[in-house]
Amino acid sequence: MDHMTETYRSYRLAARPQGAPTADDFDIVSKPIPTPREGQAVLRTLYLSLDPYMRGRMDDAKSYAPPVEIGGLMVGATVSEVVATESDAVAVGDVVLGYGGWAEYSVEDAAGLRVLNPDEVPMTTALGVLGMPGFTAYAGLLAIGKPQEGETVAVAAATGPVGSAVGQIAKIKGAKAIGIAGGEKKVALLKEFGFDEALDHRGDDLRGALKAAAPDGIDVYFENVGGPVWQAVLPRLNLYGRVPVCGMVANYNGTAEFAPAGSMEKVMRMSLTKSLTIRGFIQSEFVEAMHDDFLRDMTAWVKSGDVKYQEEVVDGFDNVLDAFNAMLEGTNFGKTVVKIGE
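Quick summary incoming for the structure in this document. Bear in mind the structure is a predicted one, so any value in this text is a computation, not a measurement.

### Observations regarding the packing of aromatic side chains
Applying the stated rule across the entire model yields 12 aromatic pairs. Seen in terms of ring centroids, Phe 222 and Phe 281 are 6.1 Å apart; in terms of plane orientation they differ by 80°. Their pairing is edge-to-face. Here Phe 222, found in strand 11 (residues 218–222), pairs with Phe 281, found in the loop between strand 13 (277–280) and helix 8 (287–304); they are 59 residues apart in sequence, far enough to count as distant. Of the residues examined, Phe 222 reaches a relative accessible area of 0% and is grouped as buried. Each member of the aromatic cluster is reached from another via a ring pair, and the members are Tyr 11, Phe 26, Trp 102, Phe 317 and Phe 324. Positioned above the aromatic ring of Phe 333, the side-chain terminus of Lys 186 is 5.6 Å from the ring centre.

### Comments concerning helix 7 (residues 263–273)
Among the residues of helix 7, Val 267, Met 270 and Ser 271 are the ones counted as buried. In a view along the axis of helix 7, the buried residues occupy a sector of 105°, so they form one face of it. Those residues of helix 7 that are exposed and angled more than 90 degrees off the buried face are Glu 265, Met 268, Leu 272 and Thr 273. Tucked inside the fold, the buried residues of helix 7 contact helix 6 (227–233) and strand 13. Note on helix 7: the residue one or two positions beyond its end, Ser 275, has a positive phi of about 50°.

### Considering the sheet that holds strand 11
Hydrogen bonding along the main chain pairs the strands of a sheet, whether they run parallel or antiparallel. Spatial ordering of the open sheet is given by 10-9-8-11-12-13, a layout of 6 strands whose pairing is parallel. Two strands bound the open sheet, and with one partner strand each, they are strand 10 (197–200) and strand 13. Here the average twist between neighbouring strands, direction ignored, is 15°. Judged from the 3 bridges that link them, strand 8 (residues 152–155) and strand 11 form a sheet pairing that is parallel. Following the sheet pairing, Val 155 is matched in strand 11 by Phe 222. Against the sheet, helix 2 (residues 132–145) engages strand 8, strand 11, strand 12 (237–245) and strand 13, with an angle of about 145° to strand 11.

### Some remarks on the pattern of salt bridges
Per the stated rule, a full pass over the model turns up 11 salt bridges. For Arg 296, the salt bridge goes to Asp 293, with nearest N and O atoms at 3.0 Å. Taken together, the residues Arg 296 and Asp 293, both in helix 8 and 3 residues apart, mark about one turn of the helix. Judged by its relative accessible area of 32%, Asp 293 is partly exposed. Ionic contacts of the salt-bridge type, sharing partners, join the residues Arg 9, Glu 104 and Asp 318 into one network.

### Some remarks on the nonpolar core
The biggest cluster of nonpolar side chains holds 36 residues, and the ones touching the most others in it are Leu 141, Val 153, Val 166, Phe 195, Phe 222, Phe 286 and Met 298. Breaking this core down by element, the ones donating at least two residues are helix 2, strand 8, helix 3 (161–172), strand 9 (176–181), helix 4 (184–193), strand 11 and helix 8. The greatest single-element share of this core, amounting to 6 residues, is contributed by helix 2. Other than its neighbours up to four places away in sequence, Val 166 contacts Ala 137, Leu 141, Val 153, Val 155 and Phe 222. Counting 23 residues, the second largest nonpolar core, distinct from the first, contains Leu 206, Val 229, Trp 230 and Leu 276.

Calculation notes
Starting afresh in each chain, residues are numbered from 1 along the sequence in its written order. With pLDDT at 70 or above as the cut-off, local features in this predicted model cover only qualifying residues; side-chain atom pairs require 80 or more to be listed or tallied, and sums for whole chains, interfaces and linings still use all residues. Excluding hydrogens and water, the side-chain values take into account all heavy atoms of the structure. Pairs were defined over the aromatic rings of Phe, Tyr and Trp, the Trp ring being its six-membered one, requiring ring centres within 6.5 Å. Orientation was assigned from the angle between planes: stacked under 30 degrees, edge-to-face over 60, tilted for the rest. Only DSSP runs of H or I with at least four residues qualify as helices, and only runs of E with at least two residues qualify as strands; both kinds are numbered from the N terminus onward. Categorising residues by exposure relies on relative accessible area from a 1.4 Å probe, with only protein chains included: less than 20% of the type maximum marks a residue as buried, more than 50% marks it as exposed, and the intermediate range marks it as partly exposed. In our convention, an over-ring charge means Lys NZ or Arg CZ found within 6 Å of a ring centre and within 35 degrees of that ring's normal. What the arc describes is the spread of directions from the helix axis to the C-beta atoms. The criterion used for residue contact is that any of the two residues' heavy atoms lie within 4.5 Å. In this scheme, strands are said to pair when DSSP sees at least two bridges between them. Angular values range over 0 to 180 degrees, each being the angle between N-to-C directions of two axes fitted as lines to C-alpha atoms, with helices fitted over their stretch in contact. Put simply, a salt bridge is a Lys or Arg side-chain nitrogen that is within 4 Å of an Asp or Glu carboxyl oxygen. Grouping buried Ala, Val, Leu, Ile, Met, Phe, Trp, Tyr and Cys residues that are joined through side-chain atoms within 4.5 Å yields what is termed a nonpolar core.

Dropping the structure here:
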């Protein structure tokens, strides 16, 4: 195929969003499909991962990773097919995990691609339970949370790809798992995932529900939401409680400080009096030490049914932005991926 005779579309950041991203914040640009240079491969996107961290990349605030520049391609993990290559690392026809972003095609260094086996597990799992979200749960819970048999682990956004994995890994390790989600349908899904307790944060009394679900307190709270859920959990944390912090999605579209006056003082006081460990992390810091173990363990757990997962597959390149906003609003179920190509 002569790649210079065909074009592909991509989402380019046109403006810094104020609140929820809109179509005006992006330009959809068509460019010729590139020809690979030595060591590169050209990939046709089959599935695009949508994840909360992408909202932070749209802003220019200082963070653990540089923002997407105005005019730059929106970032994101992809499952793609190799359509051309100038490397022995991959072959035409291979299905690979890459980082092609919000685009129909990409060109990447072949050495950094992970070849997938769609006959072993569904290829979309490389973007969810067997990808970055699953590894975030695995590393954060086991390296920081360190749940012990008989302890209680709580997690919010518990039907999402990170939260659902956290709860199920906690169960495998012998802990009690409390899942917090929004709405009756998500609470029902938590029961399918095997959580011991399933709480609706939209209910009238989350603090009371937490007290009833965890009468002996909470030993590990996996934080990926923040906001009112964190405020309800904090008083229930036990002595020597551990809080891995991987996200604060409740405020990702916010334009103002979300912490109410005095809340930081309360957090610091409880951290002192209860000897809490509150540890922020980015999953990449654990890759070298834990990723091989993660792939081995999680693949086995998925195959055995010990870890279940939910995916919401949205069809079509033109629906990427709507799917992204639905994910941030919490109206999705499980891991959101967009099917870009056949």
